[in-house]
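The chain contents come next:
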Amino acid sequence: MDETDQIRKQFEKPYDKTLEENKQILQQYCDFINQKKLKLLFVVLPHSDFYRKYWKEDYYLELMDYLVLLKAEYQIEYLDLSHVKLPDHYFRDNSHLNRIGAIYVSEEINKWLEKS
């Protein structure tokens, strides 16, 4: 199976069920963090050009809407790096950062934290 088929297969999952499960998990996680009186930062990671070519914008918009709701309910923060365009050599495969990409993202998170 080539990368294009892998991406298509990823987006053909039973999305509605997965989405609801993921929302439940995120809400439970936020509840736990609030109980511990900790701060939480969600980071939406950059994607490769190849991945971005096949992703569904609706999925992204739904994720961002949900993060806005979580921010209002739990006072969480989020950093959206999904539209940062990184060179291919920052990725291990079509959707996962490698060491170089992880270092870049860590630096961006540190910059964000310094401003906060």
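So, here's what we can say about the structure. (Residues numbered from 1 in each chain as written. Predicted model: local features only at pLDDT ≥ 70, side-chain atom pairs only at ≥ 80, totals over all residues. Heavy atoms only, no water.)

## Some details on the nonpolar core
Thought 1: Counting 14 residues, the largest nonpolar core has Cys30, Leu40, Phe42, Leu67, Leu70 and Ile76 as its most contacted members.
Thought 2: Going through the elements one at a time, α2 (15–35), β1 (41–44) and α4 (57–74) are the ones with two or more residues in this core.
Thought 3: In terms of residue count, the dominant contributor to this core is α4 (six residues).
Thought 4: Filtering out sequence-adjacent residues up to four positions away, leucine 67 remains in contact with Phe42, Val44, Ile76 and Tyr78. (Core = buried A, V, L, I, M, F, W, Y, C linked by side-chain atoms within 4.5 Å. Buried < 20%, exposed > 50% of the residue type's maximum accessible area, 1.4 Å probe, protein only. Helix = DSSP H or I, 4+ residues; strand = E, 2+ residues; numbered from the N terminus. Contact = heavy atoms within 4.5 Å.)

## Quick notes on unusual backbone geometry
What is expected of a backbone is that most residues other than glycine have negative phi and most peptide bonds are trans.
Thought 1: One non-glycine residue, lysine 37, lies in positive phi territory at about 55°.
Thought 2: Turning to its location among the elements, lysine 37 is positioned in the loop between α2 and β1.
Thought 3: Within the chain, glutamine 75 stands out as a residue other than glycine whose phi angle is a positive 55°.
Thought 4: Using a relative accessible area of 58% as the deciding quantity, one classes glutamine 75 as exposed.

## Here we look at the layout of surface pockets
Any space left empty among the atoms is revealed by the rolling of a water-sized probe across them.
Thought 1: Roughly 180 Å³ of internal volume is contained in the second largest pocket.
Thought 2: In terms of lining, the second largest pocket is formed by 14 residues, of which the most central are Lys39, Leu40, Gln75, Ile76 and Glu77.
Thought 3: Of all elements in the fold, only α2 and α5 (99–115) reach the threshold of two or more residues within the lining of the second largest pocket.
Thought 4: In terms of residues, the lining of the second largest pocket owes the most to one element, α2, which gives three residues.
Thought 5: Of the residues that constitute the lining of the second largest pocket, the class distribution is nine nonpolar, three polar and two charged. (1 Å grid on protein atoms, 1.4 Å probe; cavity = no way out; pocket = protein on both sides within 12 Å on 5 of 7 lines; lining within 4 Å. Points joined across faces, edges and corners; volume = space filled by probe spheres on them. Nonpolar A, V, L, I, M, F, W, Y, C, P; charged D, E, K, R; others polar.)

## A word on the environment of tyrosine 90
Thought 1: With respect to the helices and strands, tyrosine 90 occurs in the loop between β2 (77–80) and α5.
Thought 2: The class for tyrosine 90 is buried, based on a relative accessible area of 18%.
Thought 3: Spatially, the C-alpha atoms of tyrosine 90 and isoleucine 100 are 5.4 Å apart, while their sequence positions differ by 10 residues.
Thought 4: Setting aside residues no more than four positions away along its own chain, tyrosine 90 makes contact with Leu97, Asn98, Ile100, Gly101 and Tyr104.

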